[in-house]
Amino acid sequence: MSAAIIDGKAAAAALRARIAAQVAELMQQGVTPGLAVVLVGENPASQVYVRSKAKQTVEAGMRSFEHKLPAETSEADLLKLVRELNADDAVDGILVQLPLPAHINAELVLEAIDPAKDVDGFHPVNAGRLATGAPSLVPCTPLGCLMLLKQLKGDLSGLEAVVVGRSNIVGKPMAALLTSESCTVTIAHSRTRDLPAVCRRADILVAAVGRPGMVKGDWVKPGAVVIDVGINRVSAPELGEGKTRIVGDVDFESAAAVAGAITPVPGGVGPMTIACLLANTLTAACARRGLPKPAL
Ligand SMILES: Nc1nc2c(c(=O)[nH]1)N[C@@H](CN(C=O)c1ccc(C(=O)N[C@@H](CCC(=O)O)C(=O)O)cc1)CN2
């Protein structure tokens with residue numbers, strides 16, 4: 001292995017410490033940012049993420065409001081809760097944990113969130129602002145990837161970036177952020193012709209496809225930075241019967257032999273997602289009160 005391993009856990013801890021310091025300053029002005037997290041159903045992974053979000057929110061000095069609803073909650077009842085949270089002045093950020101049960105139209109729910117409180121950055125108003133380069137709340141996972149990249153490389157301008165995956169949650173906002181940093185950006189996907197050759201052009205390669213180990217070492221340009229957004233649970237009989245482990249979208253061993261730097265899974269992009277949620281909550285709390293955007 002030759003690549004430097006990008007420590008997302010450490011970067012996330014440092015970001016949370018900076019957020020906590022700014023929250024402490026805000027509290028002296030009588031402002032305590034509040035984050036409402038809504039979970040519908042009992043998806044075990046979602047339960048873990050929501051628990052971590054609430055814990056880290058409180059550790060940063062903010063208020064956490066948890067709403068755990070049964071899986072059979074109707075779309076109308078969920079929309080009613082979102083409207084109540086929009087109107088609640090103690091709530092600066094609203095997050096509806098995804099995935100939602102199949103009977104609920106997630107798009108409709110996300111569009112019901114007040115864009116000023118949309119700390120996930122999924123509302124079309126925020127997506128549009130990001131695409132046009134206007135100030136916006138930015139989806140947490142791509143924001144975390146960008147922070148890791150800037151910490152590692154500083155100025156990204158002129159670099160060739162390839163984002164594999166075109167989801168609204170990661171791929172598209174990631175491409176918009178890299179474009180804002182003056183990278184030359186390609187969005188690749190399952191229909192891209194000769195995907196390995198396209199990836200080999202990248203100085204920055206972001207894999208966000210949801211396919212375990214898809215990006216191999218011979219897809220990576222020597223010295224490139226590889227950001228693995230994938231979180232895939234696969235069976236791991238080597239750990240014991242019925243055991244599982246989490247792997248990314250990148251075949252770590254072969255890619256690390258070629259890349260200049262690479263994020264591991266776990267411990268890379270994942271921890272930055274929740275830290276950036278706290279950052280967005282602080283940003284939203286300041287913006288709602290006409291205070292300057294916190295420098296994090
Ligand atoms: N409303 C949202 N829903 C979902 C989002 C989101 O950003 N907003 N993202 C994912 C889940 N997610 C946060 O919600 C998330 C996923 C993974 C991690 C993380 O820290 N992963 C660890 C591994 C954890 C493990 O062992 O299970 C890592 O990569 O090191 C944090 C947050 C889908 N839903």
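As the structure is a prediction and not an experimental result, all values here were calculated from the model. (Residues numbered from 1 in each chain as written. Predicted model: local features only at pLDDT ≥ 70, side-chain atom pairs only at ≥ 80, totals over all residues.)

What about helix 5 (residues 124-132)?
In an α-helix there are 3.6 residues to a turn, and that puts residues three or four apart on one side.
Then, in step 1: For helix 5, every residue scored as buried is listed here: N126, A127 and L130. Around the axis of helix 5, the buried residues are gathered within 100° of arc, so they sit on the same side. The outward face of helix 5, more than 90 degrees from its buried face, is lined by the exposed residues G128 and T132.
Then, in step 2: Buried residues along helix 5 sit against helix 7 (171-180).
Then, in step 3: Looking one or two residues beyond helix 5, the residue adopting positive phi is G133, at roughly 80°. (Buried ≥ 20, exposed ≤ 12 C-beta atoms within 10 Å, placed from the backbone. Helix = DSSP H or I, 4+ residues; strand = E, 2+ residues; numbered from the N terminus. Arc of directions from axis to C-beta. Contact = placed C-beta atoms within 7 Å.)

Digging into the site of the ligand
Then, in step 1: Around the ligand there are 17 residues in total, and Y49, L98, P266, G270 and T273 lie nearest to it.
Then, in step 2: At the level of secondary structure, the elements contributing two or more residues to the shell around the ligand comprise strand 4 (93-96), helix 6 (140-153) and helix 10 (269-288).
Then, in step 3: The element that contributes the greatest number of residues to the shell around the ligand is helix 10, accounting for 4 residues.
Then, in step 4: A breakdown of the residues in the shell around the ligand according to their chemical character gives 11 nonpolar, 5 polar and 1 charged.
Then, in step 5: Residues from two domains meet in the shell around the ligand; each of domain 1 (31-115) and domain 2 (140-271) gives at least three. (Near = placed C-beta within 6 Å. Nonpolar A, V, L, I, M, F, W, Y, C, P; charged D, E, K, R; others polar. Domains from an automatic or database assignment.)

Focus on the sheet that holds strand 6 (residues 184-188)
Then, in step 1: Read across the sheet, 6 strands follow the order 1-11-8-7-5-6 without closing on themselves; strand pairing throughout is parallel. Looking along the sheet, the strands with just one partner apiece sit at the ends: strand 1 (4-5) and strand 6.
Then, in step 2: In the sheet, strand 7 (residues 204-207) pairs with strand 8 (residues 225-228) via 4 bridges, with the strands oriented parallel. Its bridge partner lying in strand 8, V206 is registered against I227.
Then, in step 3: Strands in contact with helix 6 are strand 7, strand 8 and strand 11 (261-262); relative to strand 8, the strand with the most contacts, it is inclined by about 160°. (Pairing = 2+ DSSP bridges. Axes fitted to C-alpha atoms, helices over the stretch in contact; angles between N-to-C directions.)

Some details on helix 3 (residues 75-87)
Then, in step 1: Relative to the 18 Å expected for 13 residues at 1.5 Å per residue, helix 3 spans 19 Å between its end C-alpha atoms, a close match to the ideal helical length.
Then, in step 2: On its buried face, helix 3 is in contact with strand 2 (34-40), strand 3 (63-69), strand 4 and helix 4 (106-112). (Expected span 1.5 Å × (residues − 1).)

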